[in-house]
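Spelled out, the chains give:
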There are 2 protein chains.
Amino acid sequence: MSPADEGVQTPGPEPVAVATTGPVRIVGTGLLGASVGLGLCRFGVEVTLADPSPTAVALARDVGAGRPARPDDREPALVVVAAPPDVTADLVAAELATHPSAVVTDVASVKGTVLASLRAAGADLTRYVGSHPMAGRERTGPAAALPDLFAGRPWVIVDAGAGADSALAVRNLAVDLGAIPVAMDAATHDQAVATVSHLPQLVASLVAARLRDAPVEALELAGQGLRDVTRIAASDPQLWTAIFAANAAAVRTELAALRGDLDTVLAALAAADVASGPTTVAEGTLAALARTLAAGNDGVARVPGKHGGQRYRYARVSVLVPDTPGSLAALLGVIGDTGVNLEDLDIEHAAGRLAGIANVAVLPEAAARLETELTRRGWTVV
Amino acid sequence: MSPADEGVQTPGPEPVAVATTGPVRIVGTGLLGASVGLGLCRFGVEVTLADPSPTAVALARDVGAGRPARPDDREPALVVVAAPPDVTADLVAAELATHPSAVVTDVASVKGTVLASLRAAGADLTRYVGSHPMAGRERTGPAAALPDLFAGRPWVIVDAGAGADSALAVRNLAVDLGAIPVAMDAATHDQAVATVSHLPQLVASLVAARLRDAPVEALELAGQGLRDVTRIAASDPQLWTAIFAANAAAVRTELAALRGDLDTVLAALAAADVASGPTTVAEGTLAALARTLAAGNDGVARVPGKHGGQRYRYARVSVLVPDTPGSLAALLGVIGDTGVNLEDLDIEHAAGRLAGIANVAVLPEAAARLETELTRRGWTVV
């Protein structure tokens, strides 16, 4: 595949088999909706697009996510509602009513409240299957859509008693988009995302909020740790308010548990503070701090690696890259020549320039050979 | 500079002028101590190494950080104590006593308690100047040392009434190692690092601790946000317990403030939880959540960029990179051909392979030209 063949606007080759045959109607053409459309259009599936914003529809069409819906469209086989959680249930109910033969799914990040609202509204739940693709980007809107957004990512499917055909249609959608279907009930899903997504989001905001009034001289001392912890605090407040409100019970449980640990740390800090020095603090005070930190060690060790739901184990080869134009390209060229497949790459920077260390991730069995080859060619492996 | 010229074991050319003339004695040859030695040895400064661990001294010597200290060494001009904060004051006092003509500094990440202990011990504070280089790595120990570890990073210098020559010697050390000296009093420093370093560290551990007993199915849904928030939770519990204990008052202030905001969020979640849906929650409940998130937006916007203390503003050009060997090297080669300087690079991954989007940071004035050149050559700019 040459660079020119790969592109947002350029449909790829027809797949060997695509389970979703369409027509597919997408309601909500933001990042997720437009990415679903883009992924399906590459396979020749007929996709129509609807959104309260005509601009969002036009942008989604322009990136190749489908064509604007019209009143005389064929009846869809599948409707995908890709809207904020606080409007999702109403939209799903309306689509179920308007398209009486269609399967309807949604991609909202909270599932229990959507399901409860639909039940309360008496919607036809034999044709509704909730879902939640665990994918996103820092940028939003249809212009940020990617056909590969869901590739290799878990796609949670919540089947609360729908017909077998309905569940299969949503599963097929996930598979066609390269995602990994994960069956889960709504409560399990909502508690899981409270732990791995909503709690970190809230806490990142709480830490970042402490920086609002911090002196500039303090901020100038910031390092990568602060940047990492607060990065997602740049997220959209309106969207996240809707998510927290929709998943209030589960998020509250997680946050209350964290507050319990926080209070233990506060008590230990108070004990350490009144003492004249670390060697004279009350017995057990330092142990309480160390236990919290050790628990964090244990927890972070359980987080899967960079590559989606699976825990790949790569070996890391760190190479010094000189501060001269083309050095990184030369390094990657040499790696390509060795035939070793580059699985991942990150660069540690010196300030203001690209000189630094390239950390190259490769399969463990290839690491020693790569180190030998690089050293032989004059590169410094750290 | 060719790759072979740049290396941990290979001394670089003599600098035009180096202010630190030595001998320099380094007490504590972990990551920081060994990196100081490595940086100075490249300039021909005489460096001797001491550490309670003979292995640490031998490793530091092997990476080129200096030679093991001997009883018959010349008197040092400068002593650098690079030890955990709970032993730093005692070591500084001992070095001041043993080397009556030397200037002594330390690199501990807390300054107030060290200074107070030295005052209490009646140490000669005309020859002591505390410092704190804002640099580190995820790996520890002398084997992870880098001569450029401090390049472009702030190096806080706390001069609590030392002689002018003493302060200048420590400032010279920072400048020789490529760091940016920042004068600050101990209390200001300790509050600053509580905000930008100690609080994020603690909170990362608290979030990660929630994962210890989380079901595997929840962890498998984790994305980049969780990985970023919890990355530094992998830090050494013993070292960080000593840091928190030594900076207990300032950390407590920050953590208590965060807990106040957290309680506001908990109250809002409780109000949202009892209501039947987001549209019927008590007035002001959602606003409290949104305010917390907006405060986070404001705070994170104040965090300086990737390149140390200065806020560089680069333009980002995002390019699709096909999943074929050598594609990234080809892209970087093309960028090199255009003459545009690559300031930074990160890659957004699809799962399990390198296909994805390369985000290339360049000077704003070069972005349009780079986009044109890349498009002309068949690359897809997203």
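One can find the structure itself at the top, above this paragraph.
Bear in mind the structure is a predicted one, so any value in this text is a computation, not a measurement. (Residues numbered from 1 in each chain as written. Chains lettered and ligands numbered in written order. Predicted model: local features only at pLDDT ≥ 70, side-chain atom pairs only at ≥ 80, totals over all residues. Heavy atoms only, no water.)

(A) Focus on the side chain of His189(A). One can find His189(A) in helix H6 (residues 186-209). One polar contact links His189(A) to Asp190(A), side chain to side chain, over a distance of 2.8 Å. (Helix = DSSP H or I, 4+ residues; strand = E, 2+ residues; numbered from the N terminus. Polar contact = N/O pair within 3.5 Å; in protein donor to acceptor, adjacent residues only side chain to side chain.)

(B) Molecular detail of the interface of chain B and chain A. Listed per partner, the contact involves 135 residues of chain B and 135 residues of chain A. Together, the buried faces of chain B and chain A total about 12100 Å²; carbon and sulfur atoms form 67% of this surface. Here chain B is connected to chain A by six salt bridges. Residue Arg259(A) is joined to Asp263(B) by a salt bridge in which the shortest nitrogen-to-oxygen separation is 2.7 Å. No other element matches helix H10 (residues 248-274) of chain B, which puts 19 residues into the side of chain B that touches chain A. For the side of chain B that touches chain A, the residue count by class is 77 nonpolar, 29 polar and 29 charged. (Contact = heavy atoms within 4.5 Å. Buried area = accessible area lost by both parts, 1.4 Å probe. Salt bridge = Lys/Arg side-chain N within 4 Å of Asp/Glu carboxyl O. Nonpolar A, V, L, I, M, F, W, Y, C, P; charged D, E, K, R; others polar.)

(C) Highlighting the sheet that holds strand E2 (residues 47-50) of chain B. All names here are of chain B. Here we have eight strands laid out as an open sheet, ordered E3-E2-E1-E4-E5-E6-E7-E8, and mixed in their pairing. At either end of the open sheet lies a strand with only one pairing partner, and these are strand E3 (67-68) and strand E8 (180-183). Pairing of strand E4 (residues 78-81) with strand E5 (residues 103-106) involves four bridges; the strand directions are parallel. Residue pairing for E5: leucine 78 is matched across the bridge by valine 103. (Pairing = 2+ DSSP bridges.)

(D) How the structure looks around the environment of Ser205(B). Within the secondary structure, Ser205(B) sits in helix H6 (residues 186-209). Looking at Ser205(B), the relative accessible area reads 0%, which means it is buried. Note: C-alpha distance between Ser205(B) and Val229(B) (24 residues apart in sequence) is 9.2 Å. If sequence neighbours within four positions are ignored, Ser205(B) has contacts with Thr292(A), Leu293(A), Gly296(A) and Ala233(B). (Buried < 20%, exposed > 50% of the residue type's maximum accessible area, 1.4 Å probe, protein only.)

(E) Region of the structure containing the sheet that holds strand E8 (residues 180-183) of chain A. Residues and elements named next belong to chain A. Pairing in this open sheet of three strands is mixed, and the strands run E6-E7-E8 from one edge to the other. Across the chains shown, the open sheet's two edge strands, defined by having one partner strand only, are strand E6 (130-133) and E8. Here the average twist between neighbouring strands, direction ignored, is 25 degrees. One ladder, built from four bridges, connects strand E7 (residues 154-158) with E8; its direction is parallel. Paired with tryptophan 155 across the bridge in E8 is proline 181. (Axes fitted to C-alpha atoms, helices over the stretch in contact; angles between N-to-C directions.)

(F) Representation of unusual backbone geometry within the structure. In this chain, Gly22(A) is followed by Pro23(A) through a cis amide linkage whose omega measures -5 degrees. Considering the arrangement of structural elements, one finds Pro23(A) in the segment before strand E1 (24-27).

(G) Region of interest: the relation of the copies chain B and chain A. The transformation that overlays chain B on chain A combines an axial shift of 0.0 Å with a rotation of 180 degrees, and the residual RMSD is 0.1 Å. Expressed as an axis order, the relation between the two copies is that of a two-fold axis. Among all residues of chain B, the minimum C-alpha distance to the rotation axis is found for Val229(B), at 2.1 Å. A high fraction, 100%, of the interface residues of chain B reappear at the interface in chain A, so the copies pair face to face through one surface. (Least-squares fit on C-alpha atoms with pLDDT ≥ 70 in both.)

(H) Spotlight on the nonpolar core. Formed by 126 residues in total, the largest nonpolar core has its most connected members in Leu269(A) and Leu269(B). Ignoring anything within four residues of it in the chain, the contact list for Leu269(A) reads Leu289(A), Leu202(B), Phe244(B), Ala248(B), Val251(B), Arg252(B) and Leu255(B). Val340(A), Leu345(B), Ala366(B) and Ala367(B) belong to the second-largest nonpolar core, a separate cluster that totals 42 residues. (Core = buried A, V, L, I, M, F, W, Y, C linked by side-chain atoms within 4.5 Å.)

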